[in-house]
Amino acid sequence: MSPFPVLRLLDAEHYTPGPVLAEQLGVTRASISLALKEADALGVTVHSVKGQGYRLDRAIAWLDEASVAQAMGEQRRYFDLKLYDEIDSTNTALMAAATTGTPSGLVYAAERQTAGRGRRGRRWHGELGGTLMFSLLWRFNLGVADLSGLSLAVGLAVARAVERLGVRGARLKWPNDIVCAEGKLGGILIELSGDALGPSAVVIGIGLNLHLPETARQSLDQAAYDLQSLGYAGDRNALLAAILAELSILLPEFEQRGFAPLALEWEARHAMQDGRAYLHLPNGEVVEGIARGAAPDGALRFETPEGERRVHAGEVSLRRAL
Ligand code: BTN
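This is a predicted model, so every value here is computed, not measured.

K.L.:
I'm lost on the sheet that holds strand 12 (residues 300–304) in this one. Help?
P.N.:
The pairing of strands in a sheet comes from backbone hydrogen bonds and takes either a parallel or an antiparallel form. Reading across from one edge, 13-12-11-10-14 is the order of the five strands in this open sheet, with antiparallel pairing throughout. Two strands bound the open sheet, and with one partner strand each, they are strand 13 (307–311) and strand 14 (317–320). With direction set aside, neighbouring strand axes in the sheet form an average angle of 45 degrees. Pairing geometry for strand 10 (residues 276–280) and strand 11 (residues 286–294), over five bridges, is antiparallel. When the sheet's bridge partners are listed, Tyr 278 is paired in strand 11 with Glu 288.

Printed below as a string of structure tokens:
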């Protein structure tokens, strides 16, 4: 059996006896013990003491539909939230759902992804209970060409949400990383399908670290940080609700007016605004210059000795010059 139902019955304060778990789930004690053997592979430490039972090393605040709906209030009417214990990737699954005519507002959120994906073909690793991972399907009457600034607009919605929850120090890095001085807090993966003239369907995938254990931080290939270390005391449900609420305001605005009216607000949160940076191009070329902010279509305005370049996302990456 899946370890998730068993893990949900455990807490970090008390030991729960195996027979109690078995009875609550209507399975044998052996199934409980087998299921909990898988916990390690999920990155969860379960302490077991003979005669006393099982206890989590660290409490897990599970994703919960009712808590998200309550925290969202009025705005909940725009969304249909589906929670998964385990899924390959919420983006992959939602892209498949998008082909069947599913309307805007479907959200898949998962406790664990077995094949989480990042930008530029990278893997995305999330911690069970410690990372918010979800995707939102949104349909636009715009053509794919008019969506170039969307990833910046989504980054802005995430930044607004974390600020509203009292977090200070979260910034944006072009095109759509959420960062702070210590490292990356999260990222956005936007996937599109549609015609040049519209309409189009967009899957907006967001991964955000709330709590990253030191071991996880060290195993990642880039500096990573988490919202709890920036003072966030809430859980993933409140964060998910706050981001969806911001998106329900910002996405219709984007559809009406594009990214241009948001550019100044985005630049005010840009971690590299007016800083020296290296631009890594797909052909291996590295260009040094100054990151001047976002153009009305979401392109990066990059100042070089030869003049200003407008750089579009895709395979390009921007790194701070030391
Ligand atoms: C990046 O920083 O490269 C983007 C990371 C995006 C990760 C999220 S987690 C939820 C959704 N499902 C995925 O497979 N990826 C996105």
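K.L.:
When you look at the layout of surface pockets in this model, what are you seeing that I'm missing?
P.N.:
Which parts of space are left empty comes out when a probe the size of a water molecule is rolled across the atoms. Volume-wise, the largest pocket comes out at about 1100 Å³. Elements supplying a minimum of two residues to the lining of the largest pocket: helix 5 (90–98), strand 5 (131–140), strand 7 (177–180), strand 8 (183–194), strand 9 (200–209) and strand 14. The element best represented in the lining of the largest pocket is strand 8, accounting for seven residues. Looking at side-chain class alone, the lining of the largest pocket contains 19 nonpolar, 17 polar and 12 charged residues. Residues from two domains meet in the lining of the largest pocket; each of domain 2 (65–267) and domain 3 (272–320) gives at least three.

K.L.:
Which parts of the structure should I look at to understand the domain arrangement of the protein?
P.N.:
Interfaces are often described in size by the accessible area the parts lose on coming together. One can read the domain layout of the protein as domain 1 (4–56), domain 2 (65–267) and domain 3 (272–320). The distance between the C-alpha centroids of domain 1 and domain 3 comes to 51 Å.

K.L.:
Is there a simple way to think about the site of the ligand in this case?
P.N.:
Surrounding the ligand, one finds 20 residues, the nearest of these being Ser 89, Gln 113, Arg 117, Arg 119 and Lys 184. A distance of 2.9 Å is found between a nitrogen atom of the ligand and a side-chain nitrogen or oxygen belonging to Gln 113. Protein contact buries 98% of the 420 Å² of open area that the ligand shows by itself. Of all the cavities here, the one that holds the ligand is the largest pocket. Looking at the shell around the ligand, the elements that each hand over two or more residues are helix 5, strand 5, strand 8 and strand 9.

K.L.:
So what exactly am I meant to see when it comes to the packing of helix 4 (residues 65–72) against helix 8 (residues 236–257) here?
P.N.:
A pair of packed helices is characterised by two quantities: the angle between their axes and the separation of those axes. With their axes 8 Å apart at the nearest point, helix 4 and helix 8 run at an angle of 45 degrees to one another. Looking at the two axes, helix 4 sits oblique to helix 8. In the packing of helix 4 onto helix 8, the handedness of the crossing is right-handed. For the pair helix 4 and helix 8, the contacting residues are Ser 67, Val 68, Ala 71 and Met 72 in the first and Asn 237, Leu 240, Ala 241, Leu 244 and Ala 245 in the second. Residues that form the contact of helix 4 with helix 8 fall into these classes: seven nonpolar, two polar and no charged.

K.L.:
Looking at this structure, I do not really get the nonpolar core. What am I missing?
P.N.:
Here is a general trend for soluble globular proteins: nonpolar side chains tend to be buried in one another's company. Residues Ile 206, Leu 208 and Ile 243 are the most contacted members of the largest nonpolar core, which totals 68 residues. Viewed by domain, this core spans two of them, domain 2 (65–267) and domain 3 (272–320), each represented by three or more residues. Once residues within four sequence positions are removed from consideration, Ile 243 is found in contact with Leu 132, Phe 134, Val 158, Ala 161, Ile 206 and Leu 208. Within the second largest apolar cluster, 17 residues are counted, among which are Leu 21, Leu 36, Val 44 and Tyr 54.

K.L.:
Mind showing me how you'd approach the packing of aromatic side chains here?
P.N.:
Two aromatic rings are characterised by how far apart their centres lie and by the angle between their planes. One pass over the structure, following the stated rule, counts five aromatic pairs. Taking 6.2 Å as the distance between ring centres and 75 degrees as the angle between the ring planes, the aromatic pair formed by Phe 4 and Trp 62 counts as edge-to-face. In this pair, Phe 4 sits in helix 1 (residues 3–8) while Trp 62 sits in the loop between strand 2 (53–56) and helix 4, placing the two residues 58 residues apart along the sequence. As far as the burial class goes, Phe 4 and Trp 62 line up, both buried. Both rings, one in Phe 140 and one in Phe 254, keep their centres 6.0 Å apart while their planes meet at 75 degrees; by these two values the pair is edge-to-face.

How each quantity is defined
- Residues numbered from 1 in each chain as written.
- Predicted model: local features only at pLDDT ≥ 70, side-chain atom pairs only at ≥ 80, totals over all residues.
- Heavy atoms only, no water.
- Pairing = 2+ DSSP bridges.
- Helix = DSSP H or I, 4+ residues; strand = E, 2+ residues; numbered from the N terminus.
- Axes fitted to C-alpha atoms, helices over the stretch in contact; angles between N-to-C directions.
- 1 Å grid on protein atoms, 1.4 Å probe; cavity = no way out; pocket = protein on both sides within 12 Å on 5 of 7 lines; lining within 4 Å.
- Points joined across faces, edges and corners; volume = space filled by probe spheres on them.
- Nonpolar A, V, L, I, M, F, W, Y, C, P; charged D, E, K, R; others polar.
- Domains from an automatic or database assignment.
- Near = heavy atom within 4 Å.
- Polar contact = N/O pair within 3.5 Å; in protein donor to acceptor, adjacent residues only side chain to side chain.
- Areas by Shrake-Rupley, 256 points an atom, 1.4 Å probe, with all protein chains shown as cover.
- Sits in = over half its atoms within 2 Å of the grid points.
- Parallel < 35°, antiparallel > 145°, perpendicular 65-115°, else oblique.
- Left-handed = near helix turned anticlockwise from the far one by under 90°.
- Contact = heavy atoms within 4.5 Å.
- Core = buried A, V, L, I, M, F, W, Y, C linked by side-chain atoms within 4.5 Å.
- Buried < 20%, exposed > 50% of the residue type's maximum accessible area, 1.4 Å probe, protein only.
- Phe/Tyr/Trp six-rings, centres within 6.5 Å; stacked < 30°, edge-to-face > 60°.

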